[in-house]
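This is what each chain is made of:
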Amino acid sequence: IDELIADGVGGKRVFVRADLNVPLDGATITDDGRIRAVQPTIAKLAQNGAKVIVASHLGRPKGAPDPAFSLAPAAARLSELLGRDVAFATDTVGDRARDTVAALGDGEVAVLENLRFNPGETSKDDAERGAFADQLAQLADLYVGDGFGAVHRKHASVYDLPARLPHAAGDLIATEVAVLKKLTEDVKRPYAVVLGGAKVSDKLGVIDHLLERADRILIGGGMAYTFLAAQGHEVGISLLQKDQIPAVQEYLKRAAAKGVEFVLPVDVLVSADFPDLKTKAPANPDTVAADAIPADKEGLDIGPRTRELYASKLADAATIFWNGPMGVFEHPDYAGGTKAVAQGLLDSSAFTVVGGGDSAAAVRQLGFDENAFGHISTGGGASLEYLEGKTLPGLAALED
Ligand code: 3PG
């Protein structure tokens, strides 16, 4: 972006593809981390006299306008963070967007409505995506890619649009890539990885990568129950991906052969009912050994012995990557495991990277100081796919 600015952005219309896909409760943003992360790039362009057009997706609307997925709250928050007015166009490539952009003065900022209100944004058909990118290209003179959280998506605004305009990577993407590179090239050992979240199927690629690099892999969250089942334990009514058991068994075998330590829960908190996340009514879970989950109960967090075990496995690490909560952290009775892992990262002297929207939001919602961590990535799927070594469309498009 600095080269682009050196070439002169004053008076130019600069399209910034951001990831403003923030969690919302109605129209209230519950975690604004992604907006704060891209704000410096927007401010820098505006300070240099650009007419800044910010665009993003939010959620997964069905290719048509849907007020539940409006970017208006994100535009309002961006305005607060920038300390200046931000115009909001209630469409993306229609009259409102064109008029809003035409009315921008030098150094002013506008946000377009959700890109995914247009079927062309996410279309698998190259021509349909290309046609939408052509329309977007008419709005701008230059393109800055800074939506790291969406770079793994081959979408019109991420992949096709930069081919149509002079382009550069923004500061957020540059920082994210520099940090994640440290985890793929000469990583400092011991390298410990904590993986959580619901589904093991989302993590298979990254586990594959980690078996070649990590020293220990700690497993929590919903995916832990497929690991426990793969070891022959009963998991009651816990989340279970039966079809993934053979893959997990294969990984456990490969890990043993390579000397990579897989660390699984030794105890878990269980209940017959999923907790009420709205009322947060007490859930009164039981603590049971991980190999003694009752048939009518589900595991919802890692237990106290596991928390201690995981903290000890993180204490002497030199590098830690963490993706995915350890339990249903949104409920106070099941937040202890995720808190313990966050604390474990802070108590170690390791270089720590927290990857993923959920874990990043968890860290902030549980009251931790985000600046105490080495890096909190704005990308969930994007950071995992980067670590897998995949070519990410949104980065490839910026590379030439
Ligand atoms: C994310 O939240 O990981 C990014 O914003 C991408 O969203 P998507 O998974 O809906 O493409």
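Residues numbered from 1 in each chain as written. Predicted model: local features only at pLDDT ≥ 70, side-chain atom pairs only at ≥ 80, totals over all residues.

K.L.:
Give me the lowdown on the sheet that holds strand β8 (residues 167-169), citing residues and values where you can.
P.N.:
Ordered by their spatial adjacency, six strands build an open sheet running β5-β6-β4-β1-β7-β8, and the pairing between neighbours is parallel. Looking along the sheet, the strands with just one partner apiece sit at the ends: β5 (86-89) and β8. Sheet twist, expressed as the average angle between the axes of neighbouring strands with direction ignored, equals 25 degrees. As paired strands, strand β4 (residues 51-55) and strand β6 (residues 109-112) are joined by three bridges and run parallel to one another. Pairing of Val52 across the sheet is with Val109, part of β6. (Pairing = 2+ DSSP bridges. Helix = DSSP H or I, 4+ residues; strand = E, 2+ residues; numbered from the N terminus. Axes fitted to C-alpha atoms, helices over the stretch in contact; angles between N-to-C directions.)

K.L.:
Before we move on, could you go through the site of the ligand and cite the residues and values that matter?
P.N.:
In the vicinity of the ligand, the contacting residues are Asp19, Asn21, Arg60, Gly149, Ala150, Arg153, Gly357, Gly380 and Gly381. Here the residues of the shell around the ligand are counted per class, giving one nonpolar, five polar and three charged. (Near = placed C-beta within 6 Å. Nonpolar A, V, L, I, M, F, W, Y, C, P; charged D, E, K, R; others polar.)

K.L.:
Report on the UniProt feature "binding site: substrate" (unreviewed entry) in the chain, specifying residues and quantitative values.
P.N.:
Taking the UniProt record as the reference, the feature "binding site: substrate" (unreviewed entry) is found at Asp19, Leu20, Asn21, Arg34, His57, Leu58, Gly59, Arg60, Arg116 and Arg153. Tracing the chain through its elements places Arg60 in the loop between β4 and α3 (72-82). By C-beta crowding, Arg60 is classed as exposed, having 11 other C-beta atoms within 10 Å. If you trace the backbone, Arg116 turns up in the loop between β6 and α5 (119-122). Look at Arg116 and you get buried, because 25 C-beta atoms sit within 10 Å. Discounting residues that sit within four places of it in the chain, Arg116 has contacts with His57, Arg60, Pro61, Gly63, Glu121 and Thr122. (UniProt positions renumbered as here; feature names shortened; annotations may be inferred. Buried ≥ 20, exposed ≤ 12 C-beta atoms within 10 Å, placed from the backbone. Contact = placed C-beta atoms within 7 Å.)

K.L.:
Tell me about the nonpolar core, and please be specific about residues and values.
P.N.:
With 120 residues, the main nonpolar core has Val14, Val16, Val52, Ile53, Val54 and Val111 as its most contacted residues. Sequence-distant contacts of Val14, defined by excluding residues within four places in its chain, comprise Val9, Leu45, Ala50, Lys51, Val52, Ile53, Ala140, Leu142 and Val144. (Core = buried A, V, L, I, M, F, W, Y, C linked by C-beta atoms within 7 Å.)

K.L.:
Help me get a handle on the pairing of β6, residues and values and all.
P.N.:
Residues Val109 and Val111 of β6 are buried on one face, and the alternating residues Ala110 and Leu112, pointing to the opposite face, are buried as well. Sheet analysis places β5 next to β6, joined by four bridges and oriented parallel. Along β6, the bridge assignment pairs Ala87 with Ala110. What joins β5 to β6 is helix α4 (residues 95-102), and the crossover it makes is right-handed. (Right-handed = clockwise from strand over helix to strand, strands pointing away.)

K.L.:
If you had to explain the environment of Phe368 to someone new, which residues and values would you point to?
P.N.:
In this fold, Phe368 is placed in the loop between α14 (357-365) and β17 (375-376). The spacing of Phe368 and Leu346 is 22 residues in sequence and 9.5 Å in space, taken between C-alpha atoms. With near-sequence residues (within four places) excluded, Phe368 lies in contact with Ala342 and Val363.

K.L.:
So what's going on with the UniProt feature "binding site: ATP" (unreviewed entry) in the chain? Which residues, and what values?
P.N.:
What UniProt calls "binding site: ATP" (unreviewed entry) maps, in this numbering, to Lys203, Gly299, Glu330, Gly356, Gly357, Asp358 and Ser359. For the residues just named, distributed over 157 residues, the greatest C-alpha separation reaches 22.5 Å, placing them at more than one site. When the 24 C-beta atoms within 10 Å are taken as the criterion, Lys203 is described as buried. Contact partners of Lys203, with chain neighbours within four places excluded, come to Leu195 and Met223. Along the polypeptide, Gly357 turns up in helix α14.

K.L.:
Tell me about the packing of helix α8 (residues 171-184) against helix α15 (residues 381-388), residues and numbers included.
P.N.:
It is the contact of α8 with α15, at a shortest axis distance of 9 Å, that shows an interaxial angle of 40 degrees. When the axes of α8 and α15 are compared, the pair comes out oblique. In this structure, α8 crosses over α15, and the sense of that crossing is right-handed. Contacts between α8 and α15 involve Leu180, Leu183 and Thr184 from the first element and Ser383, Tyr386 and Leu387 from the second. (Parallel < 35°, antiparallel > 145°, perpendicular 65-115°, else oblique. Left-handed = near helix turned anticlockwise from the far one by under 90°.)

K.L.:
Could you give me a rundown of the pairing of strand β9 (residues 191-195), with the residues and numbers involved?
P.N.:
Counting buried positions along β9 gives five out of five residues, so the element sits mostly inside the fold. Neither face of β9 is left uncovered, since the one carrying Tyr191, Val193 and Leu195 and the one carrying Ala192 and Val194 both have all their residues buried. Pairing of β9 with strand β15 (residues 319-323) involves five bridges; the strand directions are parallel. Along β15, the bridge assignment pairs Val193 with Phe321. Once the chain exits β9 it traverses helix α9 (residues 204-210) before rejoining the sheet at strand β10 (residues 216-219), and the crossover so formed is right-handed.

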